[in-house]
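Remarks on the overall topology
Here is what each chain is made of, one letter per residue.
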Amino acid sequence: MIRRLTPILLSAFAFLLGWHLLTRYSGIPNFILPSPLSVWMRFLRAVSDGSLLRHTRVTLIEILLGLFAGVLFAVVVGYLLAKSRSLEKALSPYLIASQAIPIIAIAPLLAIWLGPGILSKVVICALIVFFPVLVNTIVGVRAVPTALYDLMNSLHATRAHILWKVEVPASLPVVLGGLRIGATLSVIGAIVGELVDAREGLGYLLRVGDFQYDTPMVFVAVFILIGLALTLYGFVLLLEKRFLKWQK
Amino acid sequence: MSHTPILSIRSLGAMFTNENGGLRVLEDVTFDVHPREFVCVLGPSGSGKTTLLRLVAGLLTPTTGQITFARKQQPRIGMVFQQANLMAWRTVEQNIMLPLEVDGVGERTALEKTREMIELMGLQGFEDSYPRDLSGGMAQRVAIARALIHDPDLLLLDEPFASLDAMTREHMWNELSRIWQAKQKTVIMVTHSINESLFLADRVLVLTQRPGKIKMDVEVDLPRPRKDDIRYTPHFGKLARKLRQAIE
Ligand SMILES: Nc1ncnc2c1ncn2[C@@H]1O[C@H](COP(=O)(O)OP(=O)(O)OP(=O)(O)O)[C@@H](O)[C@H]1O
Ligand SMILES: [Mg+2]
């Protein structure tokens, strides 16, 4: 464990040291590039006055709800599209068109329609998560070997048996691959929503920090976001480890 | 042997659509299978042997003709496919247990039966292995175990022993003979081996080149139980010659 962590710790240390030396000797003012120490101090202050925790919780809730809704919707729609060529033909133009619009362009619209509360963020987050999970679900379900359907049918298995004993486990590796991408995108989705219009959340902190030249605060928010994305990603890896141990 | 057939096939024909119109695979195939009969099907590659088994299993609907079962409904089927067709995400034990799960057998009973079957097939020590860690022959033995576990009335075997070494194969012949006699099963088995068919079958059907028709229907009136040295008897030699000529 320690041996595996050594390179990560070393590179983190080198990064912090480089950053420190840069701010110390380059003469870049603190409000443009804050020193690691000032970021750390700002972090401690935001923790102790409770604001960081509050805003992080709001963003985390948006992310988790958006991720959940996006994945659920994508898996269900993806399964239906995988099973029905005609449904796919009917819907795919819309799906592809929806991908051609950058999420930033419709985020203000959603904020107008759904208000400045968390709902608009959850929806943006779900939208951005939707597509990669959808595509992977379609690919995964289509790739289920037909011979396994033959096997199940020779046993007179029910549709539910086929779904849970064949289709779900067979497509899981590909679906989880989509979830990996979706998990990291979900953070972006929530932040985009908050940057457009919000009174709470890490995106709001970013905006306020930017507005007030409180650059250390911006850095704190960015690092928390990175931490959230990494945690979500790590969680998907754990899922893979737990459910895909038959691979490799 | 009882006189009402368990399975009657009448002028059965199968056609697949492909780029240049239709591919006629089976044509005017008619035969009966009686309860507890062991029928082998021989024929050149592409003559439609696998297709015949899939039709009997209800995995395909015939283009012409019909298949009728004695008790009007399909009997319980155990099927061994040409490829082992295991579920990569299930261990050996879980793969063998699948038909019991589909039947809704209680977990305890299922586990007990599976353990017995693992012993019978000489798979001890591999209960928790995944298919990727099995040799081709072992995978095929798992597939055979899976086909037998739920005590089906009708066994459909598609070249089940093709990937086994000679020693294991002959061991499996004896096992299958024993199971077939002890449990009173009806068997339809596709094979390429004349020896195998004469060692096991009551009757051998020989199919022609595509579109497969029944070219010969031979009663194998060798005494049972058939020991290894039966193949050196003159009657065995006569039957083998007859079949070889039919296969061309
Ligand atoms: N689902 C399908 N769609 C189209 N063509 C098919 C299909 N299944 C089988 N065929 C064709 O039907 C023919 C017979 O196939 P089948 O698998 O029954 O032969 P077989 O006698 O089992 O051959 P082998 O001894 O090589 O296993 C082949 O030419 C094959 O390409
Ligand atoms: Mg075949």
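Below: a short report on this structure. Residue positions are given per chain, counted from 1 along the sequence in the order it is written. For naming, the first written chain is A and the first written ligand is 1, with later ones following in the order written. Reporting in this predicted model follows two pLDDT cut-offs: at least 70 for local features of residues, and 80 or more for side-chain atom pairs to be given and counted; totals over whole chains, interfaces and linings ignore these cut-offs and use all residues. As a convention, hydrogens and water are excluded, and side-chain values are obtained from all of the structure's heavy atoms.

A separate point is the coordination of the magnesium ion (ligand 2). Residues and elements named next belong to chain B. Distances from the magnesium ion (ligand 2) to its protein donors, namely Thr50 (OG1) and Gln82 (OE1), fall within the range 1.9 to 2.3 Å. Of this pair, Thr50 sits in helix α1 (residues 49-56) while Gln82 sits in the loop between β5 (77-80) and α2 (92-103), and the two are 32 residues apart along the sequence. Per-residue accessibility, obtained with a 1.4 Å probe over protein chains only, is compared with the maximum for each type, and a residue is labelled buried under 20%, exposed over 50%, and partly exposed between these values. Residue classification places Thr50 among the partly exposed residues on the basis of a relative accessible area of 29%. Only nitrogen, oxygen and sulfur atoms within 2.8 Å of the metal, or 3.2 Å for Na, K and Ca, are treated as donors, and water is left out, so sites may look incomplete. By the criteria applied, helices consist of DSSP H or I runs no shorter than four residues and strands consist of E runs no shorter than two, each listed in order from the N terminus.

Whether two residues are in contact is decided by their heavy atoms: any pair within 4.5 Å suffices. Tallying the contact residues gives 21 residues for chain B and 19 residues for chain A. Once two parts are brought into contact, the accessible area they lose, counted with a 1.4 Å probe and summed over both, makes up the buried area. Buried surface at the junction of chain B and chain A, summed over both partners, amounts to about 1800 Å²; 66% is from carbon and sulfur atoms. Contact with chain A buries surface across chain B, with Trp89(B), Val102(B) and Arg132(B) losing the most and accounting together for 34% of the total. For this analysis, a salt bridge means a side-chain nitrogen from Lys or Arg found within 4 Å of a carboxyl oxygen belonging to Asp or Glu. Here Lys165(A) makes a salt bridge to Glu101(B), at a shortest N to O gap of 2.8 Å. Pairing of N or O atoms within 3.5 Å defines a polar contact, subject to two protein rules: one partner must be a possible hydrogen donor and the other a possible acceptor, and residues neighboring in sequence count only if both atoms are side-chain atoms. Connecting chain B to chain A are six residue pairs in polar contact (both at pLDDT 80 or more). When contributions to the side of chain B that touches chain A are tallied by element, the ones reaching two or more residues are β5 and α2 of chain B.

Residues and elements named next belong to chain A. Expected span of a helix: the number of residues minus one, times 1.5 Å. Across its 13 residues, helix α2 (residues 36-48) extends 18 Å between first and last C-alpha, which sits within 8% of the 18 Å expected from 1.5 Å per residue. Residues of α2 that are buried: Pro36, Ser38, Val39, Arg42 and Ala46. Down the axis of α2, the smallest arc covering the buried residues is 160°, so these residues share one side. Among the exposed residues of α2, those oriented more than 90 degrees off its buried face are Leu37 and Ser48. Of all possible arcs, the one meant is that of the directions from the helix axis to the C-beta atoms.

Let us look at the sheet that holds β5(B). Residues and elements named next belong to chain B. Whether two strands pair comes down to DSSP finding at least two bridges between them. Read across the sheet, six strands follow the order β5-β6-β7-β3-β8-β9 without closing on themselves; strand pairing throughout is mixed. This sheet does not close on itself; its edge strands, each paired only once, are β5 and β9 (214-219). Along the sheet, successive strands turn relative to each other by an average axial angle of 15°, direction set aside. With five bridges joining them, strand β8 (residues 203-207) and β9 adopt antiparallel strand pairing. Residue pairing in the sheet places Leu207 in a bridge with Ile214 of β9. Axes here mean lines fitted to C-alpha atoms, for a helix over just the part in contact, with angles spanning 0 to 180 degrees between N-to-C directions. Packing against the sheet, α1 makes contact with β3 (38-42), β5, β6 (154-158), β7 (186-190) and β8, and its axis sits at approximately 155° to β6.

This part takes up the side chain of Ser47(B). Residues and elements named next belong to chain B. You can see Ser47 is positioned in the loop between β3 and α1. Side-chain polar atoms of Ser47 contact the backbone oxygen of Pro44, separated by 2.7 Å. Apart from residues lying up to four places away in sequence, Ser47 is in contact with Val25, Leu26, Leu207, Thr208, Gln209, Arg210 and Gly212.

Attention now moves to the site of ligand 1. Residues and elements named next belong to chain B. Neighbouring ligand 1 are 15 residues, the closest being Ser45, Lys49, Thr50, Thr51 and Gln82. Note that an oxygen atom of ligand 1 is positioned 2.9 Å from one of the backbone N or O atoms of Gly46. Here Gly48 contributes a backbone N or O atom positioned 3.0 Å from an oxygen atom of ligand 1. Looking at the shell around ligand 1, the elements that each hand over two or more residues are β2 (21-33) and α1. The biggest single contributor to the shell around ligand 1 is α1, with three residues. Whether a residue is near a molecule or strand depends on its heavy atoms: if one lies within 4 Å, it is near.

Throughout, nonpolar core names a set of buried Ala, Val, Leu, Ile, Met, Phe, Trp, Tyr and Cys residues whose side chains join them through atoms within 4.5 Å. Of all hydrophobic cores here, the largest spans 91 residues; its most connected members are Leu7(B), Ile9(B) and Leu156(B). The contacts of Leu7(B), once residues within four sequence positions are left out, are Phe31(B), Asp32(B), Val33(B), Val56(B), Ile67(B), Thr68(B), Phe69(B) and Ile188(B).

Residues and elements named next belong to chain B. Taken in spatial order, the three strands line up as β2-β1-β4 in an open sheet, and their pairing is antiparallel. Looking at the sheet topology across the chains shown, the edges are occupied by β2 and β4 (64-69). Within the sheet, the average angular offset between the axes of one strand and its neighbour, ignoring direction, is 25°. Sheet topology note: the strand β1 (residues 7-18)/β2 ladder contains nine bridges and is antiparallel. What sits directly across from Thr17, in β2, is Gly22. Each of β1, β2 and β4 is contacted by α1, which is oriented at about 120° to β1, the strand it contacts most.

Below, the discussion takes up the environment of Leu176(B). Among the structural elements, Leu176(B) can be located in helix α5 (residues 166-183). Not counting residues up to four positions away in its chain, the partners in contact with Leu176(B) are Phe38(B), Leu155(B), Leu157(B), Phe161(B), Met189(B) and Leu200(B).

Residue and element names in this part refer to chain A. A grouping of Phe68, Leu72, Val76, Leu80, Leu87, Leu91 and Tyr94 is seen on the molecular surface, where their side chains present a nonpolar patch of about 700 Å² in accessible area. Looking at the nonpolar patch, the elements with two or more residues in it are α3 (51-83) and α4 (85-100). No other element matches α3, which puts four residues into the nonpolar patch. Take Leu72: it is sitting in helix α3. Residue classification places Leu72 among the partly exposed positions, given a relative accessible area of 49%. Residues enter a patch when their relative accessible area is above 30% and they make no salt bridge; the linking distance is 9 Å between like charges and 5 Å between nonpolar side chains (Val, Leu, Ile, Met, Phe, Trp, Tyr). We get accessible surface area from the Shrake-Rupley algorithm with a probe of 1.4 Å; when it comes to residues, only the shown protein chains can shield them.

Before going further, it helps to examine the packing of aromatic side chains. All names here are of chain A. Any Phe, Tyr or Trp ring, taking Trp's six-membered ring, that has another such ring centre within 6.5 Å forms a pair; planes under 30 degrees apart are called stacked, those over 60 apart edge-to-face, and the others tilted. Applying the stated rule across the entire model yields nine aromatic pairs over all chains. On the basis of an interplanar angle of 45° and a centroid distance of 6.0 Å, the ring pair of Phe15 and Trp19 is categorised as tilted. With Phe15 and Trp19 both in helix α1 (residues 2-25) and four residues apart, this pair spans about one turn of that helix. Take Trp19: its relative accessible area is 10%, and that puts it in the buried class. Judged by centre distance (5.9 Å) and plane angle (35°), the ring pair of Trp19 and Phe223 falls under tilted. Of this pair, Trp19 sits in helix α1 while Phe223 is found in helix α10 (residues 215-243), placing the two residues 204 residues apart along the sequence. We classify Phe223 as partly exposed; its relative accessible area is 36%. Over the ring of Phe243 we find Arg242; its NZ or CZ atom is 4.8 Å from the centre of that ring. Counting as a charge over the ring demands two things of the Lys NZ or Arg CZ atom: a distance within 6 Å of the ring centre and an angle within 35 degrees of the ring normal.

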